[in-house]
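# Summary of structural features
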Amino acid sequence: MTDRTAAFEPLPEKYRNRAGRWLTSSIVHDEVPATCHPLGPNSKLVFSPRIVTGTSAPTSSRISVGGKSPLTGTMKEANAGTGWGLRLARLGIRAIVIEGQPQDDGFWLVKVAKGGASFEPADGWTGKRLSEVYPDVFGVHGGHDAVDVCLIGVAGEHRMAAAGCASTTRAAGRVATPGAEGSAR
């Protein structure tokens, strides 16, 4: 995120048979310093469809989201059943690793497609409930049948410790914690 670049890289051999929670936890363990701040520039957020995601296996449309928890400071993984993980798996993407920090205070939409990834300003969608954002994002990017999304919502924008990632009807992560009023958006 530091300079808004994206690169498609081959999966390292040591991760060849890993996906989902096993892959997100392995990357965080291997690449994130234990003493770094969870929301700092040395932390990473990892999205990985499970090994059977994209197949006809029952309940296979799941994606794992892993990183260092801002709430506990420890490694955390959450997962959700969503079309977003299914689309990543069908693109042959085993994981998306978000790293670094933007140089400005803006928010970004990362578009991932067969031809690569690109970044678009998302400031027009900030400060709004996800129920307001989804229809607009789908309208701009081709409709619900053409795209799937994963958003952080207002709690994530404010870097609240109990924020999570949400995909249309499913959420991965904490959506409410006692004392964190307003964290579920």
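These numbers were taken from a predicted model, which means no experiment stands behind them.

Calculation notes
- Residues numbered from 1 in each chain as written.
- Predicted model: local features only at pLDDT ≥ 70, side-chain atom pairs only at ≥ 80, totals over all residues.
- Heavy atoms only, no water.
- Helix = DSSP H or I, 4+ residues; strand = E, 2+ residues; numbered from the N terminus.
- Buried < 20%, exposed > 50% of the residue type's maximum accessible area, 1.4 Å probe, protein only.
- Contact = heavy atoms within 4.5 Å.
- Areas by Shrake-Rupley, 256 points an atom, 1.4 Å probe, with all protein chains shown as cover.
- Lys, Arg positive; Asp, Glu negative; His and termini not counted.
- Charge placed at Lys NZ, Arg CZ, Asp CG, Glu CD.
- Core = buried A, V, L, I, M, F, W, Y, C linked by side-chain atoms within 4.5 Å.
- Salt bridge = Lys/Arg side-chain N within 4 Å of Asp/Glu carboxyl O.
- Pairing = 2+ DSSP bridges.
- Axes fitted to C-alpha atoms, helices over the stretch in contact; angles between N-to-C directions.

The next point concerns the overall build of the chain. Within the chain, the secondary structure is distributed over four helices and eight strands. Going residue by residue from the N terminus, the α and β elements of the chain occur as α-β-β-β-α-β-β-β-α-α-β-β. The principal-axis extent of the C-alpha atoms belonging to the chain is close to 40 × 40 × 35 Å. Scored against the burial criterion, the 185 residues of the chain give a buried share of 35%. A fraction of 52% describes how many contacts in the chain between residues 6 or more apart in sequence connect residues 24 or more apart. Only carbon and sulfur atoms are counted for the fraction: they give 52% of the accessible area of the chain, which is about 10400 Å². Averaging the positions of the 21 positive and the 17 negative side-chain charges in the chain gives two centres separated by 8 Å.

Residues Leu109, Ala122, Trp125, Leu130, Val133, Tyr134, Val137, Phe138, Val147, Val149, Leu151 and Ala166 constitute the largest nonpolar core, which totals 12 residues. The element that contributes the greatest number of residues to this core is helix α3 (residues 130-140), accounting for five residues. With near-sequence residues (within four places) excluded, leucine 109 lies in contact with Ser118, Phe119, Glu120, Ala122, Trp125 and His141. Membership of the second largest hydrophobic core comes to 11 residues, among which are Ile63, Val65, Ala78 and Ala172.

Tallying each qualifying case throughout the model produces eight salt bridges. One salt bridge in this structure joins arginine 21 and glutamate 77, with 2.7 Å as the shortest N-O distance. Within this pair, whereas arginine 21 is found in helix α1 (residues 20-31), its partner glutamate 77 is found in strand β3 (residues 75-81), the two being separated by 56 residues in sequence. Salt bridges here are not isolated pairs; linked through shared partners, they connect Glu31, Lys44 and Glu99.

At arginine 4, a position not held by glycine, the phi torsion is positive, near 50°. Locating arginine 4 in the fold gives a position in the segment before α1. A positive phi angle, close to 55°, is found at arginine 159, a residue other than glycine. Tracing the sequence through the fold places arginine 159 in the loop between α4 (153-157) and β7 (164-167).

Here we have four strands laid out as an open sheet, ordered β3-β2-β1-β4, and antiparallel in their pairing. On the outer flanks of this sheet lie β3 and β4 (96-99), each paired with one strand and no other. Ignoring which end each strand starts from, the neighbouring axes of this sheet average 15° apart. Lying on the sheet, α1 is in contact with β1 (44-49), β2 (62-68), β3 and β4; it crosses β1 at an angle near 155°. Against the sheet, helix α2 (residues 83-90) engages β1, β2 and β4, with an angle of about 80° to β1.

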